[in-house]
Amino acid sequence: TKRIGILTAGGDAPGLNAAIRGFGKAAIGEHGWKLIGFRDGMRGLAENRYTELDGAALSGILTTGGTMLGTSRDKVHRMMVDGEARDMIPTIVENVEKDKLDALVCLGGGGTAKNARRLMDAGINVLHLPKTIDNDIVRTDTSFGFSTALEIATEAVDRLHSTAHSHHRIILTEIMGHRAGWLALGAGVAGGADVILLPEVPYSVEAIAEKIQRRRKQGSSFSVVAVAEGARSVKDAEELAHAQALVKDASSPELKAMAKKGVKALEASHRANTFTLAEQLEAATGLEARVTILGYVQRGGTPNAADRLLGTRLGVAGANAIADGKYGVMVADRGHDTALVPLKDVAGKVKYVPRDHEWIKAARAVGTALGD
Ligand code: F6P
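Because the structure is a prediction, the values reported are computed rather than measured. (Residues numbered from 1 in each chain as written. Predicted model: local features only at pLDDT ≥ 70, side-chain atom pairs only at ≥ 80, totals over all residues.)

The ligand sits among Gly 11, Arg 73, Gly 109, Thr 132, Ile 133, Asp 134, Met 176, Gly 177, His 178, Glu 229 and Arg 299. Taken together, the residues of the shell around the ligand break down into 2 nonpolar, 5 polar and 4 charged. (Near = placed C-beta within 6 Å. Nonpolar A, V, L, I, M, F, W, Y, C, P; charged D, E, K, R; others polar.)

Right, here's the structure in full:
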């Protein structure tokens, strides 16, 4: 019988427990394997903290939020231990041998795919299941967590209309999504936001103000603006593009490392400064502006039906992949089917919203401004 390790890493997301349960029930019930659950993501793996999960442990978790195993954002090759960054890959390889694991299943997003790839290169049989509320993992239609977060953000956009309308205000709501705009775009379209700002479509304050004034002339003295946390102005986007070009053209590894630091700093400082934008819009329109940051509410609570179903499907497909001896892959969602995608094609890549995506076209067609 096989011994399979499982862990969840990166930000928590609704559907993680459904996926643990889906994989675990298939692994134990269908295939007769032993399941070892590591605590707190890659950190628990490095520290060899685990418990064996049996059928009873997997019972009653389908509908729960968060992750029963705990999580962390640690990097396997640079984990903070006693105040210094250490390469924990050799320790992890030792633990996997000691624990006699045949395979390790990693549930996570982009960062986890990179960690999983490093472990794969170190000789561990890994399998990745795509989790993130950001929907930014390449080569899969979607990831568990996204659908529930989209519903929560949509409800927020809905509810903000009441106050915006009653008080004749501009309400900006900052929506998660990391570097990609999927969540803000989806919630903005579904919630009928008047303006949607995305990292993929740099904005100008003038264009947004113009849209708000146009609405006012037509009798709507309020506007709801959905702001992706990664959205940036045209000027900031140009600066970032310039910094990214420096990375690409760097003539030595040292220069490249320096240029990369520059990009990171810009990415951090330009993350939608929604409060500044609110002040700018207030000044440009004369309307009162308010900000609501949705934050972790978007990741919390019970998964919706779509995420329970997706987590279960991908988990079961993951167990079948291991039974077939398929490793070094991510289990991708493809319509009503699943596919196995090599981890090397996933790790380090980001799925942005294409500028000609149907959701963008639909937003424009119903009169929503994108600030460009
Ligand atoms: O990846 C999910 C996500 O919620 C992003 O949307 C957001 O940028 C990030 O995680 C927040 O991370 P943390 O949990 O470390 O604050």
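This brings us to the sheet that holds strand S12 (residues 288–293). Within the open sheet, the 4 strands sit side by side as S10-S11-S9-S12. Their pairing is parallel. Each edge of the sheet is formed by a strand with only one pairing partner; in this case those strands are strand S10 (195–197) and S12. With strand direction ignored, the average angle separating the axes of adjacent strands in the sheet is 20°. Sheet strands in contact with helix H5 (residues 146–167) are strand S9 (169–175), strand S11 (223–228) and S12, and its direction is about 165° off that of S9. Packing of helix H7 (residues 205–217) onto the sheet brings it into contact with S9, S10 and S11, and relative to S11 it is tilted by some 155°. (Pairing = 2+ DSSP bridges. Helix = DSSP H or I, 4+ residues; strand = E, 2+ residues; numbered from the N terminus. Axes fitted to C-alpha atoms, helices over the stretch in contact; angles between N-to-C directions. Contact = placed C-beta atoms within 7 Å.)

Before going further, it helps to spend a moment on the UniProt feature "binding site: ATP" (unreviewed entry) in the protein chain. As recorded in UniProt, the sites labelled "binding site: ATP" (unreviewed entry) are Gly 11, Arg 73 and Asp 74. A maximum C-alpha distance of 10.9 Å places the annotated residues, which cover 64 residues in sequence, within one compact spot. In contact with Arg 73, other than residues within four places in its own chain, are Gly 10 and Gly 111. Structurally, the position occupied by Asp 74 is in the loop between strand S3 (50–53) and strand S4 (79–81). Residues within four places of Asp 74 in sequence aside, it is in contact with Gly 41, Met 42, Arg 43 and Met 79. (UniProt positions renumbered as here; feature names shortened; annotations may be inferred.)

Moving on, we come to the packing of H5 against helix H6 (residues 182–191). Taken N-terminus to C-terminus, the directions of H5 and H6 make an angle of 50°; their axes are 8 Å apart at the nearest point. Taken together, H5 and H6 sit at an angle that is classed as oblique. Where H5 crosses over H6, the handedness of that crossing is right-handed. In contact with Ala 149, Leu 150, Ala 153, Thr 154, Val 157 and Asp 158 of H5, H6 contributes Leu 183, Gly 186, Ala 187, Gly 188, Ala 190 and Gly 191. Residues of the contact of H5 with H6, tallied by class, amount to 7 nonpolar, 4 polar and 1 charged. (Parallel < 35°, antiparallel > 145°, perpendicular 65-115°, else oblique. Left-handed = near helix turned anticlockwise from the far one by under 90°.)

Further remarks concern unusual backbone geometry. In the Ramachandran plot, Asp 82 falls in the positive-phi region, its phi being about 50° despite a non-glycine side chain. Residue placement: Asp 82 occurs in the loop between S4 and strand S5 (84–86). Of note, the phi angle at Arg 139 is positive, near 65°, even though the residue is not glycine. Relative to the helices and strands, Arg 139 resides in the loop between strand S7 (126–132) and strand S8 (144–145). Take Arg 139: there are 16 C-beta atoms within 10 Å of it, and that puts it in the partly exposed class. (Buried ≥ 20, exposed ≤ 12 C-beta atoms within 10 Å, placed from the backbone.)

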